[in-house]
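Residue strings, one per chain:
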Amino acid sequence: MTPLCEQLAAFVDGELTPEEAQAFSVHLAECAECQAGLEDQVQAGLALQAAAEARASGPAASDSDAPRRVAAPPMRSERPRPPRAPAWDRRRVVGFAAAAAAVVLAVLAVVRPWRAADAPRELPFALASARPLEGRLSHPGLEDYRPLATMRSGTAGRPELNLTTMAALEQRGDLHGLATAYLASGDFERAADLLEKLPPSPAVLGDLSLAALGLGQPERALGLVEAALEEAPDDARLHWNRGLSLQALSLELAAAAEFQRAAQAKEPGWSTEARERADGLRKGALARRDSWQAMNAAGMALALEGTPYPATMARRNPDLARLYLYHALRAAPSVERVLALLPLAGVLDDATRTKTATAYVARVAEADFARRGPLAQTYRAVLEGTETLEGARADAYLAKLRRSGERDLLLGAVLLLHQEDQHVEELAALVRQSGEPAWYEAPLARGRAQAALARGDTETAQRSLQEGLASCRGAGFQYRCVDLQQHLAALYNRLDRRKEAEALARSALEEAFRTDSWFQEEVLLSDLVTSARLRHAPALARAYLDEYVQRAPEDCARRSEYHHARALLAVEDLDARAARREVQDALGCPTAPTLLEIAVAGDLLRLEGGTVPGRELDRVRERIRLLREDPSLSAGDRLLLDHLEGRILIERDREAGQRLLRGVITGSALKRSSDIEARKAWSHSHHVLVMDAGHAKEWDAAVALLAEELDRTAPPSCLLALAGQDERLLFVARGPDGKAEGVYLNALKRPLREGVPEVPERLRQVVSACESVRVLAEPILQGRPGLLPPERAWSYLAPGGHRVAAPAVAPAAKRLLVSDVEPPAALGLPRLMPWKGEPGPGDVHLRGRAATPEAVLAEMADATEVELHTHGLSGTGLSDAAFLALSPDGAGRYALTAEDLEGHTLKGAPVVLLAACDANVGAWRYHAVWSLPSALIQAGARAVVAPSTQVPDVEAGAFFQSLLEALRRGVPPAQALRDTRVRWLEQGSAKWVQDLVAFE
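Residues numbered from 1 in each chain as written. Predicted model: local features only at pLDDT ≥ 70, side-chain atom pairs only at ≥ 80, totals over all residues. Heavy atoms only, no water.

(A) Molecular detail of the overall build of the chain. The helix and strand inventory of the chain stands at 40 helices and 14 strands. Taking all 1000 residues of the chain together, the buried fraction comes to 54%. Across the chain, every contact between residues at least 6 apart in sequence was considered, and the portion connecting residues at least 24 apart equals 65%. (Helix = DSSP H or I, 4+ residues; strand = E, 2+ residues; numbered from the N terminus. Buried < 20%, exposed > 50% of the residue type's maximum accessible area, 1.4 Å probe, protein only. Contact = heavy atoms within 4.5 Å.)

(B) Just helix α11 (residues 252-263), in detail. When the terminal C-alpha atoms of α11 are compared, their 16 Å separation across 12 residues agrees well with the 16 Å that a helix rising 1.5 Å per residue should span. Counting buried positions along α11 gives 9 out of 12 residues, so the element sits mostly inside the fold. Three or more residues of α11 are buried, namely Glu-252, Leu-253, Ala-254, Ala-255, Ala-256, Glu-258, Phe-259, Ala-262 and Ala-263. Contacts from the buried residues of α11 go to α10 (236-248), α12 (270-305), α26 (518-534) and α27 (538-550). (Expected span 1.5 Å × (residues − 1).)

(C) Spatial organisation of the environment of Pro-779. Inspection of the secondary structure assignment puts Pro-779 in the loop between β4 (773-777) and β5 (794-796). Owing to a relative accessible area of 6%, Pro-779 belongs among the buried residues under this scheme. Remark: the alpha-carbon pair of Pro-779 and Trp-930, spanning 151 residues in sequence, is separated by 8.0 Å. Discounting chain neighbours no more than four positions away, the residues touching Pro-779 are Glu-709, Leu-710, Arg-925, Tyr-926, His-927, Ala-928 and Val-929.

(D) Here's a closer look at the side chain of Thr-897. Positionally, Thr-897 belongs in the loop between β11 (895-896) and β12 (911-915). At a separation of 3.1 Å, a polar atom in the side chain of Thr-897 contacts the side chain of Glu-899. (Polar contact = N/O pair within 3.5 Å; in protein donor to acceptor, adjacent residues only side chain to side chain.)

(E) Summary view of the pattern of salt bridges. Under the criterion given, the structure shown has 77 salt bridges. Its salt-bridge partner being Arg-220, residue Glu-196 comes within 2.8 Å of it at the nearest N-O pair. Here the residue Glu-196 occupies a position in the loop between α7 (188-195) and α8 (202-214), and Arg-220 occupies one in helix α9 (residues 218-231), the gap between them amounting to 24 residues. Taking relative accessible area as the criterion, Glu-196 reaches 45% and is therefore assigned partly exposed. Arg-220 sits in the partly exposed class, given a relative accessible area of 34%. (Salt bridge = Lys/Arg side-chain N within 4 Å of Asp/Glu carboxyl O.)

(F) Molecular detail of the sheet that holds β11. The strand order β9-β10-β11 describes an open sheet built from 3 strands, whose pairing is antiparallel. The sheet is open, and its two borders are formed by β9 (871-873) and β11, each paired with just one other strand. Sheet topology places β9 next to strand β10 (residues 883-885); 3 bridges connect them, and they run antiparallel. Bridge pairing in β10 links His-871 to Ala-885. (Pairing = 2+ DSSP bridges.)

See below:
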C-alpha cells in the first residue's frame, strides 16, 4: 500500500481538495488495490443512500406485490440541477461522494482494465488484451488498438454488463457511454435505441452502423456510415466500418479498398490489421477469378484439343464442365476423340446421379465421322473464334446441319450462334429429342423470353423465364439457374420491379460465389447497381459500383460507366456539384457514348442552368449524334434518346425542344403498350412539356398535357393537379368557376421522394368552395396523403390506360369480407382481433385459413363491395409496393400484390376498402403508378380507400364499417371518407384516419 492509498476513504467522502482528488484519480487508475477498495466503498455508500430513500418513501412492497420495474431516469435536459449540499449535511455528502465515486468507477470500467479476479463481476472491454467487436467504436478512450477476441467456436469474448457502471453512466447522462457498453456486450438493439436519441454526428452514426451490422442490417449500416463520411471523409474508423458493411454484403474487393484506405492513416496496430484484412479479402476474390479463368481455359483446351479436363475442376463446377464436355463432343473430329471423353462424362453423371452424359458420348461415338467431321470442324472454328457466322452464312450452316441429320450438332449450333429466339419451335423439338431436356430447358426458356420481348410481350417473357427457372432448379443445374435468374432480374429492372430484381440477383450472386462463376458475378453486379438505383438506395448502389469497378480498375470504359452512374445518383440527390465532379472524372476515359451518359448530361445541364459553358452543350449534342449511329440501339432506345435531346434542347430553344418531344410522343403512342422503353419515352416527354408549360404559366395547357400523360380527362372544375421531378414541382388548381391558377417551383433543396411541399395556401383557397376536389397527379406524386385538410373531401383520379370499363348493367350486389387471416408464423405478425360484425345475406366471408390469395381473387371477380381486414406490408423483396399478407395456400403463397391483380377483371366494379397498414404505399416510378389501389382501379374497381400509415387494429373495424354504411347510402367516396374521418377526429381518434386516401 502506498501513502496515497490511505486517502481512499477521504476521496469517497468528498473531503479532498480538488487538487488532491485529481492526484488521487490518477493514482486510482493504476492501483488495483484501490480500485477494489473503491468499488466496495461505493457499493456500501449507494446501499446506504438507497436505504435512506426507501425509509423516506414509505414501507417496502410485500412479496405478494407484482415485480417492480425500475423506471429509466429522464434525459439530462429534463432533470433539474440539484442544489449544492451544505457542508454540515454528512449524509448527503456521503451520498453525493458515493455517486461521484461511482462515476469514477464507470470511467475505469470504460477505459481501464480490471484485475482478472474481478472478471466475474465486470468483464473488460476498453484496454483489455482483446476487443469484443470487429468494428471500431468511437467513444473516447477506445482509440488504442487491441486484437479481436473471436473464438473458433464462432463467439466473441464479450464482457458482461456491470449494473453499477451502467447506472453511473446513466446518472451522468453519458448515453454514448451506455450505448458503447451495450455494443461491446452484444446488445445491439439497446445500443441502437440509445444512439438514435443522440444528435447525429460522425461518431454517433459510425457506432449506429455497428449496431445495424450486429442486427444483421448491412444495407442500413452502409447508409449510416456513408452519412458519417460526408462530414468526416478522412476518418479511418468510418472507413473501417464501411469495409465491414461491404464485407457483410459479400462485396470483397470494395471492402478491401476501404480497409486499404483505413490502413493509410498509419495508426499503430489498426493499420496493420486493416492491411491484413484488405489482403485477405482481395486474395479470396481473386482466387475465385483465377479459378474461373482456369476452368474456362481447361474447358476450351478440352473442346478444341481434347486435353483431359481435371476431375477436381469438374467437381468444383460440374455444370461448367458439362457445358464444355458437350462443346467437345460437337467439335470432336473423330470417334477416338469422342471416346476419350468418357471418364469426364462418368464424373458428371456421378454428380447428378444420372447416365445422360455417358449416353450422349455413346450416341456421338456411333456417328459417321466422314459426314459429321467437316460439320464438327466448322463448329470448332466458331467456338474458337477463328470463323464468324452471321446472316446468310449462319443460315447456310444451319441448313446443312438439318440435311445431315446431326440433330445434336444443330441444337448446339443454334445455341452457339445465339439464335435461340429465332428458332424457338425448332429448338423446342430438338430439346425434346436431345436425351437430356432438363439441361437445355434453360436456354430454351431464354429464347422464348427473348422472342416474346422482341414483340413486346413482357408477360410471356416473364412466364417463360419463371417456368424455365423452376424446371432448372428441379434438375439441379446451378450454372443454368443462375443464368436464368440473371435474365429474369434484368427483365424486372426493365419493368421497374426493383425489389424482385434485387432479391433474384442477390440470390444468384451467392450461388455464383459458391462455384467460382466470376463472369456471372460481373453481370449480376451490374443488375444489382440498377435495382438499387431504381429503388433509391444510393449507398447500396455505390457499394455495388465500387465492387464492380474494383474487379477491373484498369478498364477505362468501366471507370467511365462507374463515374456516370455515381453522377446520376448525385443528380437524384440534387447534388449538382458532386455530379459534375463525377462527370469530369468520367471524361478522362474516352469511350463510346451511352444512354446513361446522355441522361446524366441532360439533368446536369438543367440543374446547373446558366452556369454551364456553351461548349458543354455542344459536346453533349455531339455525343448524341454519335450514339444515334449505334446499330445496337432498339426502337425504344432511340425514342428515349430523342426524348433526352428534347429535354436538353427545351431549356435553350423552347420551340425546337417542344417539336422534338411531341415527335417522341407521336412515335411512342402505338408502341407504348408493348415496349417499356416507348412507354417511358411517352411519359417522360409529357412530363417535360407539362413542366415547360408550368414554367411559362400556361396553366390550362399544363393540365391538358398531364391529363394526356395519364390517359384521363381532366375535370373542368374543382381540380388539383400535381407534377414534378427532381428539383421542380408544379401545382395547378381549378375552382368551381373553372379558372386555373398555378404555382411553379424550380429550386427544391430536397428530392421529392423525401417529402413533397404543401399545396400553397393560395391554391387551397381556389378550391375552398368545392364540395369535392379531384386530384390529377403524376406517378411519383399519386397517392400522397394530406394534400388537403382532413375536413375537405378529395380523391385521386387513378391513371387510365388499361383500366377496365364499368359494366353496362348494374351487377348483383355481393359483399366480400376478408378477416381473421393467418399469415405464415415466420413473418412474426401479431394476430388481429376477430371481426365482430354480422355478415349480411349473400355476403361471402373468407376468414382464417380459407382467406388465401387465390380464393380472395376468385371471390373478388364479381363482388360489388370488398372489405379486406389484413396485415399490410411494405419494403420487402416480394413487391416494390405494399401488399396484403393473407393465409398461405398449399404452395405457401400468402401475399396479394399489385402484380397479382394484373390480368384480372373485377366485373362488379366494387368499392374496395383496404383496412391494412400502409396499403396505399406504392412504388416510386416516374412512368407509371404501381400500387394496390392503382392495380385495383385498373382491374375495374369503382373506388378504393387505403391507409398510408399504420392502422390500429382496435379502431379499424368500426371505422371502415361506418365508412361502408355511408357509401351504401349513396354518399360519393370522397365525401363519405371526409364525413367519417371528421366524426372520428371529433371523438379523439388517432392521426391515422387523416392519412386515409380515396381513389376513384
